[in-house]
Amino acid sequence: MRLRPFRADDVADVVDGCADPLSQRFVSSLPTPYTEVDARWWLDAGAPAVWAGGGAAYAIADPGTDRLLGGVGLNNPVPGRSQAEIGYWVRPTARGRGVAAAATRALGEHAFATGTLRLELLTELENAASQRVALAAGFRYEGLRRSAGQHRNGGRHDLLAWVRLAEDPPGPTARLLPDLPDGVLTDQVVALRRVGPDEAELMYRLHSRPEVVANQAPPVPPTWEAIERRCRVAESGWLTGEIARLLITDVATGEPAGSCGLSYSDVRSGEGSIGYALLPEWRGRGYATRAVRLLASWAFGPAGMARITAGTVPENIASHRVLERVGFQREALQRARLPGLAGTRLDDLTFALLPTDLR
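Residues numbered from 1 in each chain as written. Predicted model: local features only at pLDDT ≥ 70, side-chain atom pairs only at ≥ 80, totals over all residues. Heavy atoms only, no water.

(A) Region of interest: the packing of helix H1 (residues 11-18) against helix H3 (residues 36-52). Between H1 and H3, whose axes approach to 9 Å, the crossing angle comes to 115 degrees. Judged on the interaxial angle alone, H3 and H1 are roughly perpendicular. For H1 against H3, the interelement crossing comes out right-handed. The residues of H3 that touch H1, namely those facing Val11, Val14 and Val15, are Glu36, Ala39, Arg40 and Leu43. Residues of the contact of H1 with H3, tallied by class, amount to five nonpolar, no polar and two charged. (Axes fitted to C-alpha atoms, helices over the stretch in contact; angles between N-to-C directions. Helix = DSSP H or I, 4+ residues; strand = E, 2+ residues; numbered from the N terminus. Parallel < 35°, antiparallel > 145°, perpendicular 65-115°, else oblique. Left-handed = near helix turned anticlockwise from the far one by under 90°. Contact = heavy atoms within 4.5 Å. Nonpolar A, V, L, I, M, F, W, Y, C, P; charged D, E, K, R; others polar.)

This is the structure we're talking about:
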């Protein structure tokens, strides 16, 4: 990509990028609706003000045609910390081509070469596309900034902080939980794919069932709001390395059968943790066993885990049988490890699987 100053003939392309619904959704500082008047203000006053404040505002241009593809810039500089914040936007027709990642890398290297030591990139939890740009540009997930963002209506929301240092190695950031091959794991009977926002009703119906609630700690039904949010930010949880949430589906019909999840419980030792649940009409068919086997194979392979554990309540015999069929072995009964109801404590029966155990 070529980075250059904005020009007067960029007006139409600035409107195209900033009036787009995706830009309007995730950039609360943009006027809505975004018009040619707003674009001219940006070119005549907005961008020059960024430069005057110690930041940078570049147009991302096609190196062949010099046509504007988007914008990238530095803002909120903190000279005492040699720190700045980087941000970008891309026109709809230029998305999916690596434009934002290439521009972010280019501006980042220029910033490091001119004295900046730390760059921050803030994204909304639901903006998975921007999070993928951060990873592709070599930024590492650093943590959650509570109420760091502001909605158009004045409310506040959390942001994810991604950081790149001048001494960080070049290239994309390696992820703890990589994408599934072709977006799915399957044995031609069941298939696992990433949970998305559209699965909220299904996930609430599954995880609020009494028998499912009874096997979690504490045994308290989830709220609709919690499940709906869980589905909205499922891809973000995957990209940050927090947890991989998957939907279990029947290959023959495409119908959802349940869900499962995998997370790192100890990154340094390579240990992960697995969980699963099925809807009543799909139980007793071996679907849970198939799902756990598929997920464990992926965990030991692309995810690079060396050991997987599963915690269960001692009374959950059906779940024990699923784990044992996959090859998990009982390791420990940890007494009163988990919180129960009304101040009580629950025992935790732990199973573990090594790559050589997998059946």
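(B) Quick look at the side chain of asparagine 127. Note that asparagine 127 resides in the loop between strand S5 (118-124) and helix H5 (128-136). For asparagine 127, a relative accessible area of 14% corresponds to the buried category. One polar contact links the side chain of asparagine 127 to the main-chain amide nitrogen of serine 130, over a distance of 3.2 Å. (Buried < 20%, exposed > 50% of the residue type's maximum accessible area, 1.4 Å probe, protein only. Polar contact = N/O pair within 3.5 Å; in protein donor to acceptor, adjacent residues only side chain to side chain.)

(C) Layout of the pattern of salt bridges. Applying the stated criterion across every chain yields a total of 31 salt bridges. With a closest N to O distance of 3.0 Å, aspartate 179 and arginine 132 form a salt bridge. With aspartate 179 in the loop between strand S7 (156-165) and strand S8 (185-186) and arginine 132 in helix H5, this pair connects stretches of sequence that are 47 residues apart. Classification of aspartate 179 by relative accessible area gives partly exposed; the value is 34%. Put simply, aspartate 168 and arginine 140 hold a salt bridge, and the shortest N to O gap is 3.8 Å. Of this pair, aspartate 168 sits in the loop between S7 and S8 while arginine 140 is found in strand S6 (residues 140-150), placing the two residues 28 residues apart along the sequence. One continuous salt-bridge network, built from bridges that share partners, spans Arg2, Arg4, Arg7, Asp9, Asp10 and Asp66. (Salt bridge = Lys/Arg side-chain N within 4 Å of Asp/Glu carboxyl O.)

(D) Fine view of the environment of tyrosine 88. With respect to the element layout, tyrosine 88 can be found in strand S4 (residues 83-90). On the basis of relative accessible area, tyrosine 88 is assigned to the buried category, the value being 18%. Taking the C-alpha atoms as reference points, tyrosine 88 and tyrosine 58, 30 residues apart in sequence, are found 9.4 Å from one another. Discounting chain neighbours no more than four positions away, the residues touching tyrosine 88 are Gly71, Val72, Ala100, Thr104, Leu121, Ser130, Val133 and Ala134.

(E) Layout of the nonpolar core. By size, the foremost hydrophobic cluster in this structure holds 49 residues, and its most contacted members are Leu192, Leu246, Ile248, Ile274, Leu295, Trp298 and Phe328. It is helix H10 (residues 287-300) that provides the largest number of residues to this core, a total of ten residues. With residues near it in sequence (within four places) discarded, tryptophan 298 still touches Leu177, Pro178, Asp179, Leu180, Pro181, Leu185, Trp238, Leu262 and Ala303. Grouped together as the second largest cluster of nonpolar side chains are 31 residues, Ala84, Ala101, Leu160 and Leu239 included. (Core = buried A, V, L, I, M, F, W, Y, C linked by side-chain atoms within 4.5 Å.)

(F) Representation of the sheet that holds strand S14 (residues 329-339) in the model. Read across the sheet, eight strands follow the order S8-S9-S10-S11-S12-S13-S15-S14 without closing on themselves; strand pairing throughout is mixed. Edge positions in the open sheet fall to S8 and S14, since each of these has one partner strand only. Against the sheet, helix H11 (residues 317-326) touches strand S12 (271-278), strand S13 (307-312), S14 and strand S15 (345-353), its axis set at about 15 degrees to S15. (Pairing = 2+ DSSP bridges.)

(G) Expanded view of unusual backbone geometry. Cis geometry marks the peptide bond from threonine 32 to proline 33, where omega comes out at -5 degrees. Mapping proline 33 onto the fold places it in the loop between helix H2 (21-26) and H3. Of the consecutive residues alanine 217 and proline 218, the connecting peptide bond is found in the cis state with omega at -10 degrees. Mapped onto the fold, proline 218 is located in the loop between helix H7 (210-213) and helix H8 (224-232). Positive phi outside glycine occurs at asparagine 76, with the angle close to 45 degrees. Structurally, asparagine 76 can be placed in strand S3 (residues 68-78). One non-glycine residue, aspartate 182, adopts positive backbone phi at about 60 degrees.

(H) Geometry of the pairing of S12. Note: strand S11 (residues 256-266) against S12, eight bridges, orientation antiparallel. Its bridge partner lying in S12, serine 263 is registered against serine 273. Where S11 folds back on S12, the antiparallel hairpin that results is connected by four residues, among which glycine 270 adopts a positive phi of roughly 75 degrees. For the handedness criterion, the β-α-β arrangement of S12, H10 and S13 is classed as right-handed. (Right-handed = clockwise from strand over helix to strand, strands pointing away.)

(I) Main features of the environment of leucine 117. Counting through the fold element by element, leucine 117 comes out in the loop between helix H4 (99-113) and S5. A residue is classified by how much of its surface remains accessible, and leucine 117, at 48% relative accessible area, is partly exposed. Linking leucine 117 and glutamate 271, residues 154 residues apart in sequence, is a C-alpha distance of 33 Å. With residues near it in sequence (within four places) discarded, leucine 117 still touches Ser82, Phe112, Arg164, Leu165 and Ala166.

(J) The sheet that holds S5, seen in detail. The seven strands are arranged S1-S2-S3-S4-S5-S7-S6 in an open sheet whose pairing can be described as mixed. Edge positions in the sheet fall to strand S1 (2-4) and S6, since each has one partner strand and no second. Direction aside, the axes of adjacent strands within the sheet are offset by 30 degrees on average. Sheet topology places S5 next to S7; seven bridges connect them, and they run antiparallel.

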